[in-house]
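Commentary on secondary and tertiary structure
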Amino acid sequence: MMENLTIDHTDGILTVSITRPEALNALNLKTLSELIVILQQTYEQADHRGIILTGAGEKAFVAGADIKELSALTQEQAYSFAQNGQRLFKLIEDCPKPVIAAVNGYALGGGCELAMACHIRIASENAKFGQPEVNLGIIPGYGGTQRLTQLVGRGKALELMMTGDTIDAQEAKAIGLVNHVVPKADLMTFTGDMMRRILTKGPFAVSQVIKSVNAGFGFAQAGYEAEAQNFAACTGNADFVEGTSAFIEKRQPQFKGER
Ligand code: CAA
């Protein structure tokens, strides 16, 4: 039994719905630790053949890391917080079995980063994507600075992360952030059909495709470490306190640019 995940296991396919509707499925530490368990089981167990990740409810895939939890972190804790999320997302990226994101609504911040760590992204027409962390006075901390750049190129990635803009599913497809956009009612059927098609192929060959593609990107490279350090540095800045407080108090932040 998981507190924040709803899991269906049919014909070897785990459909994992992140289920925190009161917070638009935001990723708190408990949810991250539950996802780690599912991933570890999938690495080890033969009857776990692939994972479809989605969000419960009508509105959100995942609206980011849990801002209320995040707002209380010290700089030192923020570094571990980023590394913890990066480790989970790396487990997803390197999973030897297919992991597909069925993005059914907001995929913002850590939600966009979660989708990007998956091997394939299918979006419903109402899905929205973005890395809005600058609105909070921080930067992406779960690998977004690296994976967004890999998927859409440096220029568009910088634009999205510097403006914090949210884009719709069609634009996400146009820039290469998602593979397909489908009507909302067809999302799970389309995603399930693709998963079943992959599962008819040689499982070892599929795992070697994932391994070979990922070998070219190198998690060990300095980018992820720099991201964790720079994410933590932002939490030592007065603008972080202002940005997260403004979100919680439902008002616009007034950034001063002071340390
Ligand atoms: N963390 C915690 N709670 C969140 C949340 C989040 N990321 N996103 C939404 N919620 C909560 C809201 O606080 C609200 O709770 P209350 O009802 O208790 O007030 C509830 O979910 C519904 O949200 P809204 O009222 O804001 O719904 P909306 O329809 O008006 O707006 C939204 C939807 C545009 C997605 C808006 O909720 C939003 O902007 N969310 C934050 C998105 C964001 O900044 N994500 C990045 C987080 S930081 C991060 O992810 C860092 C990293 O890389 C690790």
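This structure is a prediction, so every number in the text was calculated from the model and none was measured. (Residues numbered from 1 in each chain as written. Predicted model: local features only at pLDDT ≥ 70, side-chain atom pairs only at ≥ 80, totals over all residues. Heavy atoms only, no water.)

**What about the site of the ligand?**
We apply this condition: Nearness is judged by heavy atoms alone; a residue qualifies as near a molecule or strand once a single heavy atom is within 4 Å of it. Pairing of N or O atoms within 3.5 Å defines a polar contact, subject to two protein rules: one partner must be a possible hydrogen donor and the other a possible acceptor, and residues neighboring in sequence count only if both atoms are side-chain atoms. Accessible surface area values rest on a Shrake-Rupley calculation with a 1.4 Å probe, where residue burial reflects the displayed protein chains alone. Only DSSP runs of H or I with at least four residues qualify as helices, and only runs of E with at least two residues qualify as strands; both kinds are numbered from the N terminus onward. Charged means Asp, Glu, Lys or Arg here, nonpolar means Ala, Val, Leu, Ile, Met, Phe, Trp, Tyr, Cys or Pro, and polar covers whatever is left, Gly included.
Neighbouring the ligand are 25 residues; Lys 59, Ala 65, Gly 110, Glu 113 and Lys 250 lie closest to it. Taking Ala 63, its main chain carries an N or O atom lying 3.0 Å from a nitrogen atom of the ligand. In the environment of the ligand, an oxygen atom lies 2.8 Å from a nitrogen or oxygen atom belonging to the backbone of Gly 110. Protein chains shield 74% of the accessible area of the ligand, which is 980 Å² for the free molecule. Considering every element that reaches the shell around the ligand, the biggest residue donor is helix α2 (residues 67-70), with three residues. Broken down by class, the residue content of the shell around the ligand amounts to 14 nonpolar, four polar and seven charged.

**Some words on the sheet that holds strand β7 (residues 120-124)**
Selection rule: At least two DSSP bridges between two strands are needed for those strands to be called paired. Fitted lines through C-alpha atoms give the axes, limited to the stretch in contact for helices. The angle between two N-to-C directions lies from 0 to 180 degrees.
Across the sheet, which stays open at both edges, the six strands sit in the order β1-β2-β3-β5-β7-β10 with mixed pairing between neighbours. Each having just a single partner strand, β1 (5-10) and β10 (180-182) make up the two edges of the open sheet. Neighbouring strand axes in the sheet, compared pairwise and without regard to direction, differ in orientation by 20° on average. The pairing of strand β2 (residues 13-18) with strand β3 (residues 50-55) spans six bridges and is parallel. Bridging from a neighbouring strand, Val 16 pairs with Leu 53 of β3.

**Description of the pattern of salt bridges**
The cut-off we apply is this: Between Lys or Arg on one side and Asp or Glu on the other, a salt bridge is scored when a side-chain nitrogen of the former is within 4 Å of a carboxyl oxygen of the latter. Remark: exposure states derive from per-residue accessible area (1.4 Å probe, protein chains only) relative to the maximum for the residue type, with buried under 20%, exposed over 50%, and partly exposed in between.
For the structure on display, the rule yields 11 salt bridges. Glu 58 is the salt-bridge partner of Lys 184, the closest N and O atoms lying 2.6 Å from each other. Taken together, the residues span a long stretch of sequence, with Lys 184 in the loop between β10 and α8 (187-199) and Glu 58 in the loop between β3 and β4 (60-62) at a distance of 126 residues. Looking at Glu 58, the relative accessible area reads 61%, which means it is exposed. A salt bridge links Glu 242 to Arg 251; the shortest N-O distance between them is 2.7 Å. A relative accessible area of 17% means that Glu 242 is categorised as buried. Using a relative accessible area of 33% as the deciding quantity, one classes Arg 251 as partly exposed. Several salt bridges share partner residues, and in doing so they unite Arg 20, Glu 22 and Asp 66 into one network.

**Quick look at the nonpolar core**
Which entries qualify depends on this criterion: What we call a nonpolar core is a set of buried Ala, Val, Leu, Ile, Met, Phe, Trp, Tyr and Cys residues that are connected through their side-chain atoms within 4.5 Å. Residues count as neighbours in contact if any of their non-hydrogen atoms are within 4.5 Å of one another.
Counting residues in each nonpolar core, the largest one holds 58 residues, and the members touching the most others are Leu 53, Phe 89, Ile 92, Val 103, Phe 129 and Leu 177. Residues in contact with Val 103, not counting those within four places in the same chain, are Phe 61, Ala 115, Ile 122, Ala 123, Ser 124, Ala 127, Phe 129 and Leu 187. In terms of nonpolar packing, the next biggest core, distinct from the first, is built from 14 residues, Ile 13, Leu 187, Ile 198 and Leu 199 among them.

**Some details on the side chain of Gln 86**
Turning to its location among the elements, Gln 86 is positioned in helix α3 (residues 75-93). Given the relative accessible area of 5%, Gln 86 is considered buried. Polar contacts involving the side chain of Gln 86 include one to the main-chain carbonyl oxygen of Tyr 224, which spans 3.0 Å.

**Overview of the pairing of β7**
Of all five residues in β7, five are buried, a share of seventy percent or more. Going residue by residue along β7, you find Ile 120, Ile 122 and Ser 124 tucked away on one face and Arg 121 and Ala 123 tucked away on the opposite face as well. Across four bridges, strand β5 (residues 99-103) lies against β7 in parallel orientation. If you follow Ala 101 over to β7, its bridge partner there is Arg 121.

**Comments concerning the state of the cysteines**
Under the convention used in this document: Disulfide: a pair of cysteine sulfur atoms within 2.5 Å of each other.
Enumeration over the complete set of coordinates arrives at zero disulfides. Free cysteine Cys 95: the closest other cysteine sulfur is in Cys 118, separated by 9.8 Å. Not part of a disulfide, Cys 234 finds its nearest cysteine sulfur in Cys 112, a span of 18 Å.

**A closer look at the packing of aromatic side chains**
Formally: Aromatic pairs are defined between Phe, Tyr and Trp rings, using the six-membered ring for Trp, whenever the two ring centres lie within 6.5 Å; interplanar angles under 30 degrees are classed as stacked, those over 60 as edge-to-face, and all others as tilted.
Enumeration according to the criterion identifies three aromatic pairs in this entry. Ring centres of Phe 89 and Tyr 142 lie 5.3 Å apart, and the angle between their planes is 70°; this geometry places the pair in the edge-to-face category. Remark: Tyr 142 occurs in the loop between β8 (128-130) and α5 (144-152) and Phe 89 occurs in helix α3; sequence separation between them is 53 residues.

**Describing the side chain of Asn 104**
Within the element layout of this structure, Asn 104 appears in the loop between β5 and β6 (106-108). In terms of polar contacts, Asn 104 uses its side chain to reach the backbone carbonyl oxygen of Gly 57, at 3.3 Å. Apart from the residues lying within four places of it in its own chain, the contact partners of Asn 104 are Thr 54, Gly 55, Gly 57, Glu 58, Ala 60, Phe 61, Ser 124, Asn 126 and Leu 187.

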